[in-house]
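Coordinates in review
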Number of protein chains: 2
Amino acid sequence: MGHTFPGATAPFGMVQLSPQTNFEVMHNEDGSYNKITYEYCAGYQYRDSTILGFSHTNLSGTGHSDLGDFLVMPTTGKLTLDPLKTATGEKGFYSNFSHKNEEAEPGYYKVDLDDYKIKAELTASDRVGFHKYTFPKSDSAHIILDLVYNVYHHDNKNVWTFIRAENDSLVTGYRQTKGWARTKKVFFAMQFSKPFKSYGHKKYDKEVYDGFYRRFNQSENFPEMAGKDLRAYFNFNTEENEEIQLKFALSSVSTAGALKNLQAEISHWDFNKTKKETQKKWNKELSKIEVETITEENKITFYTAMYHSMLSPVLYEDVDGKYRGLDQNIHTSEGFTNYTVFSLWDTYRALHPLFNITQPTRNNDMIKSMLAHHDQSVHNMLPIWSHYANENWCMIGYHATSVIADAMAKNVDDFDKNRALLASVNTANVSYFDGLGDYINFKYVPDDKSHSSVSKTLELAYNDWCIAQMANHVNDENNEAIFLERSEYFNNVYDSKSGYMRPKLSNGEFRKDFDPMDTHGQGFIEGNAWNYGLYVPHQLDRMVQMMGGKENFSQHLDSLFTMEIDDKFIEKHEDITRDGIIGNYVHGNEPGHHIPYLYNWTGKPHKTQERVRMIMETMYGPTVDGLCGNDDAGQMSAWYIFSSLGFYPVTPGSSEYAIGSPLVKEAIVHLENGNKFKVSTKNQSKENVFVNSIIVNGEKYDSFMLDHSVISKGGEIVFEMSNEPNKLN
Amino acid sequence: MGHTFPGATAPFGMVQLSPQTNFEVMHNEDGSYNKITYEYCAGYQYRDSTILGFSHTNLSGTGHSDLGDFLVMPTTGKLTLDPLKTATGEKGFYSNFSHKNEEAEPGYYKVDLDDYKIKAELTASDRVGFHKYTFPKSDSAHIILDLVYNVYHHDNKNVWTFIRAENDSLVTGYRQTKGWARTKKVFFAMQFSKPFKSYGHKKYDKEVYDGFYRRFNQSENFPEMAGKDLRAYFNFNTEENEEIQLKFALSSVSTAGALKNLQAEISHWDFNKTKKETQKKWNKELSKIEVETITEENKITFYTAMYHSMLSPVLYEDVDGKYRGLDQNIHTSEGFTNYTVFSLWDTYRALHPLFNITQPTRNNDMIKSMLAHHDQSVHNMLPIWSHYANENWCMIGYHATSVIADAMAKNVDDFDKNRALLASVNTANVSYFDGLGDYINFKYVPDDKSHSSVSKTLELAYNDWCIAQMANHVNDENNEAIFLERSEYFNNVYDSKSGYMRPKLSNGEFRKDFDPMDTHGQGFIEGNAWNYGLYVPHQLDRMVQMMGGKENFSQHLDSLFTMEIDDKFIEKHEDITRDGIIGNYVHGNEPGHHIPYLYNWTGKPHKTQERVRMIMETMYGPTVDGLCGNDDAGQMSAWYIFSSLGFYPVTPGSSEYAIGSPLVKEAIVHLENGNKFKVSTKNQSKENVFVNSIIVNGEKYDSFMLDHSVISKGGEIVFEMSNEPNKLN
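The paragraphs below set out a description of the structure included in this document. Residue numbers restart at each chain and count upward from 1, following the sequence in its written direction. Lettering of chains starts at A and numbering of ligands starts at 1, both following the order in which they are written. Given that this is a predicted model, residues contribute local features only at a pLDDT of at least 70 and side-chain atom pairs are listed and counted only at 80 or more, while totals for whole chains, interfaces and linings are drawn from all residues. In computing side-chain properties, one takes all heavy atoms of the structure into account and sets aside hydrogens as well as water.

**Focus: the overall build of chain A**
Along the backbone of chain A there are 16 helices and 39 strands. Put simply, the radius of gyration uses C-alpha atoms, and a globule should come to 2.2 Å times the residue count raised to 0.38. Taking 27 Å as the expected radius of gyration for a compact globule of 729 residues, we find that chain A reaches 26 Å, a close match to that expectation. In terms of overall dimensions, chain A has C-alpha extents of about 80 × 60 × 50 Å along its principal axes. Put simply, of all contacts in chain A between residues at least 6 apart along the chain, 69% involve residues at least 24 apart. The protein chains shown are the only cover counted for residues, whose accessible areas, like all others here, come from Shrake-Rupley with a 1.4 Å probe. Here chain A displays about 23500 Å² of accessible surface, and carbon together with sulfur accounts for 46% of that area. Neither His nor the chain ends contribute to the count of charged residues, in which Lys and Arg are positive and Asp and Glu negative. The atom standing in for a charge is NZ when the residue is Lys, CZ when it is Arg, CG when it is Asp and CD when it is Glu. The averaged location of the 96 negative side-chain charges in chain A is 3 Å from the averaged location of its 72 positive side-chain charges. Helical segments are the DSSP runs of H or I of at least four residues, strand segments are the runs of E of at least two, and each set is numbered from the N terminus. Pairs of residues are marked as contacts when any of their non-hydrogen atoms sit within 4.5 Å.

Right, here's the structure in full:
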């Protein structure tokens, strides 16, 4: 349920080419079909034994489905274009497969398609998927290009598809869909290593208006195909073990752009060359943090997390810098590389802070991409959750401000800071945005006017603090004061009587029917008052004090981690599994990701140490069920990476990390500035989860906060570990 | 039934902004609606008394419907977005109007919308429609932008629509449709002279997936709207007689392109200034031929024809030269201006030949546009019937070759002639195109393999002769020989026994059940064996000889014009009215347009003279029913213009015109090269339809053919008219 995919991609690659499994799908009225929503956000489930084909775009770790563009499937024998079964009940084009014949490496995927005796191998450069299909001897080998297939939880989301057989080995086209991204267009160029002997397509449109096209036989060897729902096929004769290869390039701009990408990135037919080049890129990225771990399993888990942290945001521009903007016009990135897929409510927490260590240049490019998004936005807003030139408005708050403030705080700030502040201020003043007008007027989000009112109030107050930090950076005292004041609005939803953050009505009274255990309709989203109510990352000392002081708050945390909760509060569709829960703490969702570290603010850091080690050991693993919920576009993995190193960005937007308990024995972080930061441990073991003492650059360190500058300057932190808590620290 | 529109446009303008009348429309299952097909190809019928609004794209004179993009309607009072009636039975947003309050001039249209007391005035530059609405005093004045409205004969053709309210007076967006143009996209930018006080939209989609958009009130004052079927509105308070103006720019490229067009073409709010500039352009174009006529009616009819001859092809590029190509990629016109709407089966006959006299630069640009089309075509074909970056394949033959050959023959050839020949040869060898493969194999189109087999054989043979002429021009002897041979294939469908061109089967036998009077299923299209069977324009002497010699052929022509035909042979949907028929001669369709001139090849030119004068006087007029069938994108009008001047291009691709009987008293043709060609008459009158003698540049002229060089060099032709046929000539 991590919703990750095993396919081939370059780090942050535009093409993410991955198998689409299962044929339990939703049949739509019009004959199209979709995957069952939630479980197939990434197109793949390990329990499945069938493959429908290989798609070129996939989301990694999300809780909402989209993409799945351009399903390619090689088959042999009688041609069928129906994926599951034909009208006469015969088997569709899917194939059975077995995990024992499946291999996945960064940048490489291989599987045997048992029904056709075809070996399928995939690799990818940044913008081009590279397929290698090894066929048996056949006079009826086919490669199917299915433009109907989609990953989406609603009915058929196709708007229009368009295919041109440019010649006997090059096909171009595009698809427009109305999925999670409301107006999404993806263009492709598909080059075959061997000319097809014939080809054709079938149109599945409910309404077909072909006008004067009807005079021709369009369905066979007619090079121009268009309609809402098309499946095309290309026929070959093959010898035993003959390889047919495909290069499949994407573009957001045009088929001409896709063709340019194809030609620029892979000019040859040497599959292994591309695989090697992409794996070299992966090695470079993965080895930015070199770790020694207590167990081999920990090492695999660590690098799996590293891998998953680099599957989004993804590159979103052609080799010439052109890309489709939010306004649907074509723009050129000037002075930056454009990225898309910003799951910001998730990733501002630890993924973008991680990028400030491992990917500062990319993180700046991502910020510049967000600023371009703002400039193209008719709302004058930074992205909320954006992908493929669309804002999908998923989740709450405007956390792009956190990403920007965090980068500024850590001097990863090769962007126009005044422009970034202005974009943030614009965003924070769009009154029609999701409760924001009420938040500004009432100084909290009234629960009778907006769902998730408390969550929104807390997140917006934190975001406003982030804007104040930016304003401080650029000496804009006016905006600093305005947004510092707004950052205090968290106070307005605290009910000192019950001791909880609590939904408040527009009349100023707290809502009467209130269950702090319930996760639904209680003013919170993906959390409840017990856990989400602890979300004041920018004023943790004040929050602890407000909630009764260190001792009481520490006990609240103890209860949170140990209480038994009723199954009824565990919603199946809230992005977590039963395994992702410890007491009432939910690691599978993000609003609590900072909570295990909060003991540091109660004078009991050893409890943080114990908890974070427990979470690392129980919620992550090198197995198929190695994640306790969706990876959330890398946020879950980023939490693990930070925690493994012994510290975590509890307050993105500040330069400080909270110290926890490292899981690694040793780690060397290779920084882009050439410096190395080393994490060392003494007496590290599975049992020795407590930090007895800390030495930074040779000197005893007596704080449980660590400033980013310590890391960026390079140096060493040494944790002396013990199986006994050092209750003094 | 001319299918012309009265709205405002510049000559060959991209924007053709015209009222859409009638509310007899087709209701579709999904709640959308379309105009009843055939009668509303241009969106307007004079008999109607209601207006739905004003659309920015319209076809002039076609027999197939499409376009109608971006209907704008001003209203007052209670807002309704339903065009005809609301769900509760109230009146929709249409208005009654009266012809007495309607004015139409080139580049200007005005009407009073009686239901709202709004005066609507329209003008247009090349790429921008300019609306001026004079409102009554109202606190609920509205301007509706209807993106559901379409001119099309099938169900709702919308694929996707997209609107952004960029600010309080600028709106951008686009629409994609799947009509006659299968994959058509038009972008717009709409600038209001006055900020709207509020706005909103309604979505008529059967399936609405708004995802997280549902969290907001999208329908009011939310600046981003997208879906299959949208109608938007903009609200105003108005004072008595307050004018609200709109500038509405189009682009095939992007909303950014539309905005650029808007800003480049009309930088002010002076409606009259734009109107004057456009009318100045019209005066320049219309006065390229100055005529004196027998009657005032004749003059009005002549300039009406001139006007109609300049409504297509239309400009199809942005001010920066960018346009959407047939491959759906964005191209830039280098060294030419790009045009679209090529109704070539109609317009190759006389319209493009006319352009070689009045619009040589534009005709060269049109040829270059067709060559670009070829280069972008996945079929490597010149256009058949193309519009808006789509080939719709309407009608038969590949008559772009005629347009090119005619331009070459007349030295209107500022294009790469070898490239043009190559494109023509490519086109002539696409075996899957509409009977062409069989034509090449069998040397005729077998009737059992293809409908309209005789028409196709005759047209293809003529087209091949055109290619041979091109080859001759560039000294390509090989291609000249190949295509001269193919140009003889007309012989293969002539049945000397019956004396008709007749459908032949693939076994080499003529089809048995054959009725030369029938227009359907008899091997012809828009014609029958009697009239279409005379279509060998490149070998007229041989055709006459083949069909029994001059006397017999002349009698065939006499019969053709005088026979009585049964009503059952007059198909209502064949683009003509009963009035368009003389005997069995059909002027409302094109295949016979050369026939009245064929008497010249029988030694009886006086019969041509009599017939063409009769046709001019009876089939054309300065009245609402002034055309006897669709204007066919200007072809009907071009026939009139040529015939009025006294000559006609019977064989486009040769430099010669057949002389008829001028209707003008005098005409001065102002040529682009600075020369003037004058047509003078002596004793011209309604009755004096016969040409007694001809003097060219002072010398007696004894031929009934006129070479183009006589015209292009400048000079004078004098016709001495008489009421008695000069039977010697």
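**Thoughts on the pairing of strand β9 (residues 108-113) of chain A**
Residues and elements named next belong to chain A. The buried label applies to any residue whose accessible area, calculated with a 1.4 Å probe on protein chains only, is under 20% of its type's maximum; exposed applies above 50%, and partly exposed to all values in between. Among the 6 residues of β9, 6 are classified as buried, and the element is accordingly described as predominantly covered. Burial along β9 is two-sided: the face carrying Tyr 108, Lys 110 and Asp 112 and the face carrying Tyr 109, Val 111 and Leu 113 are both buried. Both strand β8 (residues 102-105) and β9 contribute to a ladder of 4 bridges, which runs antiparallel. Considered in β9, the bridge of Glu 102 is made with Val 111. Turn length for the β8-β9 hairpin, with the two strands adjacent in sequence and antiparallel, is 2 residues, and the turn residue Gly 107 shows positive phi of about 80 degrees. By this definition, two strands are paired if DSSP reports at least two bridges between them.

**Observations concerning the environment of Leu 560 of chain A**
Structurally, Leu 560 of chain A can be placed in helix α13 (residues 549-562). For the pair formed by Leu 560 of chain A and Trp 530 of chain A, sequence separation is 30 residues and the distance between their alpha carbons is 7.1 Å.

**So, the packing of aromatic side chains**
The geometry of an aromatic ring pair comes down to the distance between the two centres and the angle between the two planes. Residues and elements named next belong to chain A. Classification of ring pairs uses Phe, Tyr and Trp, with its six-membered ring standing for Trp, and accepts pairs whose centres are within 6.5 Å; under 30 degrees between planes counts as stacked, over 60 as edge-to-face, and the remaining range as tilted. In this structure the tally under the stated criterion is 93 aromatic pairs over all chains. Look at Tyr 597 and Tyr 648: their rings are 5.1 Å apart centre to centre, the planes differ by 10 degrees, and that puts the pair in the stacked class. In this pair, Tyr 597 sits in the loop between β31 (585-586) and α14 (605-619) while Tyr 648 sits in strand β32 (residues 647-648), placing the two residues 51 residues apart along the sequence. Residue Tyr 597 is classed as buried on the basis of its relative accessible area of 0%.

**Looking at helix α14 (residues 605-619) of chain B**
Across its 15 residues, α14 of chain B extends 21 Å between first and last C-alpha, which sits within 8% of the 21 Å expected from 1.5 Å per residue. Among all positions of α14 of chain B, only Pro 605, His 606, Thr 608, Gln 609, Arg 611, Val 612, Arg 613, Ile 615, Met 616 and Met 619 of chain B are buried. Given a helix with a known number of residues, its expected span is that number minus one, times 1.5 Å.

**A few points about the relation of the copies chain B and chain A**
Relative to chain A, chain B is turned by 180 degrees and slid 0.0 Å along the rotation axis, the superposed coordinates differing by an RMSD of 0.0 Å. Seen this way, the second copy is the image of the first under a two-fold rotation axis. No C-alpha of chain B lies nearer the rotation axis than that of Val 159 of chain B, which sits 3.1 Å from it. Copy-to-copy alignment: least squares on C-alpha atoms, limited to residues at pLDDT 70 or above in both.

**Quick word on the sheet that holds strand β35 (residues 676-682) of chain A**
Residue and element names in this part refer to chain A. Pairing is mixed across the open sheet formed by 6 strands, whose spatial order is β20-β34-β35-β39-β36-β37. This sheet does not close on itself; its edge strands, each paired only once, are β20 (289-293) and β37 (699-701). Strand-to-strand twist in this sheet, taken as the mean axis angle between neighbours without regard to direction, amounts to 20 degrees. Strand direction decides the pairing type here: β35 and strand β39 (residues 715-722), joined by 6 bridges, are parallel. The partner of Phe 677 across the bridge, within β39, is Gly 715. An axis is simply a line fitted to the C-alpha atoms; with a helix, the fit covers only the stretch in contact. Between two such axes, the angle follows the N-to-C directions and lies from 0 to 180 degrees.

**Here's the deal with the sheet that holds strand β33 (residues 656-659) of chain B**
All names here are of chain B. In spatial order, the strands read β32-β33-β38; together these 3 strands make up an open sheet with antiparallel pairing. Edge positions in the sheet fall to β32 (647-648) and β38 (705-707), since each has one partner strand and no second. In this sheet, β38 lies alongside β33 in antiparallel orientation, the contact comprising 3 bridges. Note on β38: the bridge partner recorded for Glu 656 is Asp 707.

**Digging into the pattern of salt bridges**
The salt bridge definition used is simple: a Lys or Arg side-chain nitrogen within 4 Å of an Asp or Glu carboxyl oxygen. Evaluated as defined, the whole model comprises 78 salt bridges over all chains. In this structure, the salt-bridge partner of Glu 243 of chain A is Lys 132 of chain A, at a minimum N-O distance of 3.9 Å. Taken together, the residues Glu 243 of chain A in strand β19 (residues 242-251) and Lys 132 of chain A in strand β11 (residues 128-135) connect sequence positions 111 residues apart. The class for Glu 243 of chain A is partly exposed, based on a relative accessible area of 41%. For Lys 132 of chain A, a relative accessible area of 11% translates into the label buried. Lys 91 of chain B is the partner of Asp 115 of chain B in a salt bridge, and the nearest nitrogen-oxygen pair spans 3.1 Å. Remark: Lys 91 of chain B occurs in the loop between β6 (71-76) and β7 (95-96) and Asp 115 of chain B occurs in the loop between β9 (108-113) and β10 (118-124); sequence separation between them is 24 residues. On the accessibility criterion, Asp 115 of chain B (30% relative accessible area) is partly exposed. Classification of Lys 91 of chain B as partly exposed rests on a relative accessible area of 35%. The network of salt bridges with common partners includes Glu 39, Arg 47 and Asp 48 of chain A.

**So, the interface of chain B and chain A**
Taken residue by residue, the interface counts 54 residues in chain B and 54 residues in chain A. Summed over both partners, the accessible surface that disappears when two parts come together, traced with a 1.4 Å probe, is what is meant by buried area. Between chain B and chain A, a total of about 4800 Å² is buried, with carbon and sulfur atoms accounting for 55% of that surface. Counting across the interface, chain B meets chain A through 0 salt bridges. Pairs of N or O atoms are called polar contacts if they sit within 3.5 Å, as long as, within protein, a hydrogen donor faces a hydrogen acceptor (for residues adjacent in sequence, only side-chain-to-side-chain pairs). Run the count over chain B and chain A and you get 17 residue pairs in polar contact (both at pLDDT 80 or more). Those elements giving two or more residues to the side of chain B that touches chain A turn out to be β13 (158-165), β14 (170-177), β17 (224-227) and α1 (255-265) of chain B. With 5 residues, β13 of chain B is the single largest residue contributor to the side of chain B that touches chain A. Across the side of chain B that touches chain A, the residue classes break down as 23 nonpolar, 16 polar and 15 charged. Gly is put with the polar residues, along with every residue not named as nonpolar or charged; the nonpolar set is Ala, Val, Leu, Ile, Met, Phe, Trp, Tyr, Cys and Pro, and the charged set is Asp, Glu, Lys and Arg.

**Side note on helix α10 (residues 453-473) of chain B**
All names here are of chain B. Under the 1.5 Å per step criterion, the end-to-end length of α10 is 30 Å for 21 residues, consistent within 8% with the ideal 30 Å. Among the 21 residues in α10, 18 count as buried, and that is most of the element. One or two steps after α10, the chain reaches Asn 475, where phi turns positive at roughly 60 degrees.

**Observations concerning the pairing of strand β36 (residues 690-696) of chain B**
Residues and elements named next belong to chain B. In terms of burial, β36 is largely enclosed, as 5 of its 7 residues are buried. Across 6 bridges, β36 lies against strand β39 (residues 715-722) in antiparallel orientation. For Ile 694, the partnering residue across the bridge sits in β39 and is Phe 719. Sheet topology note: the β36/strand β37 (residues 699-701) ladder contains 3 bridges and is antiparallel. Within β37, the residue paired with Ile 695 across the bridge is Lys 700. Linking β36 to β37, which pair antiparallel, is a turn of 2 residues; within it Asn 697 sits at a positive phi near 45 degrees.

**Some words on the packing of helix α7 (residues 400-409) of chain A against helix α8 (residues 417-427) of chain A**
Residues and elements named next belong to chain A. Where α7 meets α8, the closest approach of the two axes is 10 Å, and the angle between their N-to-C directions is 155 degrees. Classified by the angle between their axes, α7 and α8 sit roughly antiparallel to one another. The handedness of the crossing between α7 and α8 comes out as left-handed. Contacts between α7 and α8 involve Thr 401, Ile 404 and Met 408 from the former and Lys 417, Ala 420 and Ser 424 from the latter. Split by residue class, the contact of α7 with α8 holds 3 nonpolar, 2 polar and 1 charged. Roughly parallel covers angles under 35 degrees, roughly antiparallel covers those over 145, roughly perpendicular covers 65 to 115, and oblique covers all other angles. Crossings are classed by handedness, with left-handed meaning an anticlockwise turn of the near helix from the far one by less than a right angle and right-handed meaning a clockwise turn.

**Observations concerning the packing of helix α6 (residues 360-376) of chain A against α8 of chain A**
Residue and element names in this part refer to chain A. The N-to-C vectors of α6 and α8 enclose an angle of 50 degrees; their axes lie 10 Å apart at closest approach. Comparing their axes, α8 and α6 come out oblique. The two elements α6 and α8 meet at a crossing, and its hand is left-handed. Along the contact surface, α6 presents Leu 371, Ala 372, His 374 and Asp 375, while α8 presents Arg 419, Ala 420, Ala 423, Asn 426 and Thr 427. Here the contact of α6 with α8 is built from residues that sort into 4 nonpolar, 3 polar and 2 charged.

**Thoughts on unusual backbone geometry**
Residue and element names in this part refer to chain A. The step from Ser 312 to Pro 313 runs through a cis peptide bond, and the omega angle for that step is -10 degrees. Turning to its location among the elements, Pro 313 is positioned in the loop between α3 (296-308) and β21 (314-315). We note that Phe 70 has phi near 65 degrees; this positive angle belongs to a residue other than glycine. By the element assignment, Phe 70 lies in the loop between β5 (50-55) and β6 (71-76).

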